[in-house]
Amino acid sequence: MFTFAPTEGQTTAQLHADLLEAATALTDGEPDGVANMANIAALIWQFLPDLNWAGFYRMVEGELVLGPFIGKPACIRIAVGQGVCGAAAASGETQLVPDVHAFPGHIACDAASRSELVVPVIRDDMVIAVIDLDSPSPSRFTQDDARGIEALAKAISARI
Ligand code: SME
């Protein structure tokens, strides 16, 4: 059993620091990328409040394919350039979307989603996956969340 858990009353930056520490510790020495993505998705879900989906899409033969996640069943394949995940994969840049209904081409996997944060995972200058977080609350994600998930993506890029 692992007992990583957030502490009451932490700032967003502190939550992300603890999430990063937990994810780094839990994946240390484990070569199986699927196991590591599954545990990282579970940790994100545990540490960050107000999410309805958290997980990975992996770059497989030029398109994004669903990876380990927590949330409702989601679309399996996303073309690069399509939706928020595809935009992150195409640009290699974080996509912070305060209102998914205002994002052209947003793919609604869960009708409850109102805001979204997608961070590319980059290894050897290539996007190998994206981390996708959805929230039922509008404008849920801040720059602190973006910076936190970017740090997480960097730390685990060689472990997934
Ligand atoms: N909304 C995403 C699709 C993935 S689901 O949110 C899990 C998008 O527009 O790329």
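Residues numbered from 1 in each chain as written. Predicted model: local features only at pLDDT ≥ 70, side-chain atom pairs only at ≥ 80, totals over all residues. Heavy atoms only, no water.

*Asks:* Now, about the overall build of the protein chain: what can you tell me, with residues and values included?
*Replies:* What the protein chain contains, in helices and strands, is four helices and six strands. Secondary structure elements in the protein chain, listed N-terminal to C-terminal, are α-α-β-β-β-α-β-β-β-α. The C-alpha atoms of the protein chain give 14 Å as radius of gyration, which agrees with the globular expectation for 160 residues (15 Å, within 12%). Each principal axis of the C-alpha distribution contributes one length, and for the protein chain these read about 40 × 35 × 25 Å. (Helix = DSSP H or I, 4+ residues; strand = E, 2+ residues; numbered from the N terminus. Rg over C-alpha atoms; globule rule 2.2 N^0.38 Å.)

*Asks:* I'd love a proper account of the site of the ligand, names of residues and values included.
*Replies:* Taken together, 13 residues surround the ligand, and among them Val84, Cys85, Ile107, Glu116 and Asp134 come closest. Within the contact set of the ligand, an oxygen atom lies 3.0 Å away from a backbone nitrogen or oxygen of valine 84. The separation between an oxygen atom of the ligand and a polar side-chain atom of aspartate 134 is 2.8 Å. Elements that contribute at least two residues to the shell around the ligand include exactly β1 (53-60), α3 (83-91) and β6 (126-135). For the shell around the ligand, the element with the most residues is α3, which contributes three residues. A class-by-class count of the residues in the shell around the ligand yields eight nonpolar, two polar and three charged. (Near = heavy atom within 4 Å. Polar contact = N/O pair within 3.5 Å; in protein donor to acceptor, adjacent residues only side chain to side chain. Nonpolar A, V, L, I, M, F, W, Y, C, P; charged D, E, K, R; others polar.)

*Asks:* Got a sec to walk through α3? Specific residues and values, please.
*Replies:* By the criterion of burial, α3 is predominantly enclosed, with seven of the nine residues buried. Taken as a whole, α3 has its buried residues at Gly83, Val84, Cys85, Gly86, Ala87, Ala88 and Ala89. At its buried positions, α3 is contacted by β1, β2 (63-71), β3 (77-79), β4 (95-97), β5 (115-123) and β6. (Buried < 20%, exposed > 50% of the residue type's maximum accessible area, 1.4 Å probe, protein only. Contact = heavy atoms within 4.5 Å.)

*Asks:* Report on the pattern of salt bridges, specifying residues and quantitative values.
*Replies:* Under the counting rule described, the total for this entry stands at five salt bridges. For glutamate 63, the salt bridge identified is with arginine 77, shortest N-O distance 2.7 Å. One end of the pair, glutamate 63, is in strand β2; the other, arginine 77, is in strand β3, and 14 residues separate them in sequence. Judged by its relative accessible area of 52%, arginine 77 is exposed. (Salt bridge = Lys/Arg side-chain N within 4 Å of Asp/Glu carboxyl O.)

*Asks:* Hey, could you go over the nonpolar core for me, with residue numbers and the actual values?
*Replies:* Formed by 28 residues in total, the largest nonpolar core has its most connected members in Ile44, Leu48, Ile131, Leu133, Ile149, Leu152 and Ile160. Those elements giving two or more residues to this core turn out to be α1 (12-27), α2 (33-47), β1, β5, β6 and α4 (143-156). Setting aside its immediate chain neighbours within four residues, leucine 133 contacts Ile44, Leu48, Leu51, Trp53, Ala54, Ser115, Glu116, Leu117, Phe141 and Ile149. The next biggest cluster of nonpolar side chains, apart from the first, holds 17 residues, and it includes Ile78, Val84, Cys85 and Ala87. (Core = buried A, V, L, I, M, F, W, Y, C linked by side-chain atoms within 4.5 Å.)

Nothing here speaks to function; it is geometry throughout.
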